[in-house]
Amino acid sequence: MIDSVLIDELKSLVEPGKVLLDADSLNAYGKDWTKQFAPAPSAIVFPKTIGEVQAIVRWANERRVALVPSGGRTGLSAAAVAANGEVVVAFDYMSQILAFNEFDRTAVCQPGVVTAQLQQFAEEKGLYYPVDFASAGSSQIGGNIGTNAGGIKVIRYGMTRNWVAGLKVVTGTGELLELNKDLIKNATGYDLRQLFIGAEGTLGFVVEATMRLDRAPQNLTAMVLGAAELDAIMPVLHAFQSRIDLTAFEFFSDKALAKVMARGDVPAPFESECPYYALLEFEASTEEVANAALETFEHCVEQGWVLDGVMSQSEQQLQNLWKLREYISETISHFTPYKNDISVTVSQVPPFLKEIDALVAEHYPDFEIVWFGHIGDGNLHLNILKPAEMDTAEFFGKCATVNKWVFEIVARYNGSISAEHGVGMTKRDYLGYSRSDAEIAYMKAIKAVFDPNGIMNPGKIFV
Ligand SMILES: O=C(O)CC[C@@H](O)C(=O)O
Ligand SMILES: [Zn+2]
């Protein structure tokens, strides 16, 4: 905890009332959506300008105060948790879209712009911001960049990284850098912009981002297919991908669907019950594309890969089919899930998933395992649900044991222990399963260059 003299100094750097110290604010701004770490920040500060962010970082260097950035706080890896008396820098008052360029198709965003706000802005301009996920209504652009957020359209549009034309960052020394200046072509050495994307605020803070926009998709249409077995999902993906460009290819198990159905507010896709489901989406821009999708569906049924299916015929049906997938995370959050966000190459998904499934089932037959995720990207969300009668600490303890075995399998498949949720504090101790010692040493050396005093989100990614 920092003392009152330091708090007074901090207050002098921002507008009156823009440092909060009350218990509710410390609790709310000191954490993200993870629940493993208790929030314990010293103060929350709300800068309004880049100059104020620089002043805060310079002060933190002088006083050796640790800073934690805070956006929409929807993170799932405790990268935005202040558990050790840090000062939280919240970007709520830097939430404007500052400029739009119709020829470059870019929007200049302050870090606190909410993802849905940018999506809406793009729509009003007849364009599209394609990075999308269930928490788009709360998550902020600065946080999306910090975690290189992925989501449900990665198969077509890639991660946040692909949509950042330029960045202004305040480094750990308080220096302002303008990175890439929104250029498409720029072959002038290291692309420092990319280094800051996915850095979880450990090198500096994003204070402005020029985001690229795309043409709006035409007549988005979704299909939900029921698969006979897991091994059928990949041939289905392959069959569709060889005929049409998909904008999504998601997957969920019968257990995940059952949880969403139990809410009672989402229509079932069809009557048949299947062990696995795929949700795919494409632009039915012409009749030929729609026909190709239907023909492919029939082919998949003939092959015995698909048992049943439905295709959206309206915007409302499209939304309803997406709810089957998008509501899963929120719905299971009430069952105290232990989360993993793992990836392998797409072709390896079926054997990989089966191995992990068998492992957890063998050692912990009482645990309910809910599989879902972005299978078209090789990214699976493994959620293990706490049995109702089990003590929470005991449950997390057992999961920690399983975790090591799960990550041994991930490492054997050359996979990632965090596909899209980041490392933060929850996966920090497991980084070695995905990154070599040499890589981690280089990463630490890079951090030391941008943040010599170790004040920028310390303890995240690595210790
Ligand atoms: O809750 C999860 O495990 C995943 C959350 C999110 O990445 C999703 O794909 O729905
Ligand atoms: Zn996801």
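Given the structure is predicted, the values throughout are model-derived calculations rather than measurements.

### Some words on the overall build of the protein
Tallying secondary structure elements over the protein gives 15 helices and 18 strands in all. Here the C-alpha radius of gyration of the protein, 23 Å, is about what a compact globule of 463 residues would show, namely 23 Å. Burial analysis of the protein (463 residues in total) assigns 46% to the buried set. Residue pairs at least 24 apart in sequence account for 75% of intrachain contacts in the protein once pairs closer than 6 positions are excluded.

### A look at the site of ligand 1
Close contacts around ligand 1 come from F133, A134, S329, K339, H381 and N383, and that covers them all. Partitioned by chemical class, the residues of the shell around ligand 1 number two nonpolar, three polar and one charged.

### With respect to the sheet that holds strand β12 (residues 220-227)
Ordered in space as β15-β12-β14-β13-β17-β18-β16, the seven strands form an open sheet in which the pairing is antiparallel. Looking along the sheet, the strands with just one partner apiece sit at the ends: β15 (306-311) and β16 (337-343). Averaged over all neighbouring strand pairs, the angle between strand axes comes to 15°, with direction disregarded. Pairing analysis gives seven bridges linking β16 to strand β18 (residues 379-385), with the strands arranged antiparallel. Each bridged residue has a counterpart across the sheet, and for Y338 the counterpart in β18 is I384.

### Comments concerning the environment of D3
Turning to its location among the elements, D3 is positioned in the segment before α1 (4-11). According to the C-beta neighbour criterion, D3 is exposed, with 8 such atoms within 10 Å. It is 42 Å that separates the C-alpha atoms of D3 and I384, two residues lying 381 residues apart in sequence.

### Re the UniProt feature "domain: FAD-binding PCMH-type" (unreviewed entry) in the protein
Under the UniProt annotation, the feature "domain: FAD-binding PCMH-type" (unreviewed entry) is placed at residues 37-216. Between the end C-alpha atoms of residues 37-216 the distance is 40 Å, and the span holds 22% helix and 25% strand.

### Concerning the packing of helix α13 (residues 349-363) against helix α14 (residues 392-412)
Close contact between α13 and α14 brings their axes to 10 Å; oriented N to C, the two are set at 160°. In terms of orientation, α13 and α14 fall into the roughly antiparallel class. Of the two possible hands of crossing, α13 and α14 adopt the one that is right-handed. Between α13, through F352, E355, I356, L359, V360 and H363, and α14, the contact on the second element is made entirely by V402, W405, V406 and I409.

### Topic: the sheet that holds strand β3 (residues 67-70)
Strand order in the open sheet formed by four strands is β1-β2-β4-β3, and the pairing between neighbours is mixed. Edge positions in the open sheet fall to β1 (19-20) and β3, since each of these has one partner strand only. Pairing between β3 and strand β4 (residues 87-90): four bridges, direction parallel. Paired with V68 across the bridge in β4 is V88.

### Regarding α14
End to end, α14 covers 30 Å across 21 residues, agreeing with the expected 30 Å (1.5 Å per residue, within 8%). Every buried residue of α14 is accounted for by N403, V406, F407 and V410. Elements that come into contact with the buried residues of α14 comprise β16 and α13. In the segment just after α14, N414 is the residue with positive phi, at about 55°.

### What about the packing of helix α8 (residues 230-241) against helix α10 (residues 287-302)?
The geometry of α8 relative to α10 is characterised by a closest axis approach of 10 Å and an angle of 150° between their N-to-C directions. Overall, the two elements α8 and α10 adopt an arrangement that is roughly antiparallel. Considering the relative orientation of α8 and α10, their crossing is right-handed. The segment α8 lies against α10, with V236, A239 and F240 engaging T296, H299 and C300. Looking at side-chain class alone, the contact of α8 with α10 contains four nonpolar, two polar and no charged residues.

### A word on the pairing of β12
Taking burial as the measure, the eight residues of β12 include seven buried ones, the bulk of the element. Where β12 meets strand β14 (residues 276-283), eight bridges bridge the pair, whose relative direction is antiparallel. Within the sheet, the bridge partner assigned to M223 lies in β14 and is L280.

### Things to note about the environment of N379
Tracing the backbone shows N379 in strand β18. With 26 C-beta atoms packed within 10 Å, N379 lands in the buried category. Residues N379 and D8 lie 371 residues apart in sequence; the distance between their C-alpha atoms is 46 Å. If sequence neighbours within four positions are ignored, N379 has contacts with S343, G373, H374, A419 and E420.

Definitions and limits used
Residues numbered from 1 in each chain as written. Chains lettered and ligands numbered in written order. Predicted model: local features only at pLDDT ≥ 70, side-chain atom pairs only at ≥ 80, totals over all residues. Helix = DSSP H or I, 4+ residues; strand = E, 2+ residues; numbered from the N terminus. Rg over C-alpha atoms; globule rule 2.2 N^0.38 Å. Buried ≥ 20, exposed ≤ 12 C-beta atoms within 10 Å, placed from the backbone. Contact = placed C-beta atoms within 7 Å. Near = placed C-beta within 6 Å. Nonpolar A, V, L, I, M, F, W, Y, C, P; charged D, E, K, R; others polar. Pairing = 2+ DSSP bridges. Axes fitted to C-alpha atoms, helices over the stretch in contact; angles between N-to-C directions. UniProt positions renumbered as here; feature names shortened; annotations may be inferred. Parallel < 35°, antiparallel > 145°, perpendicular 65-115°, else oblique. Left-handed = near helix turned anticlockwise from the far one by under 90°. Expected span 1.5 Å × (residues − 1).

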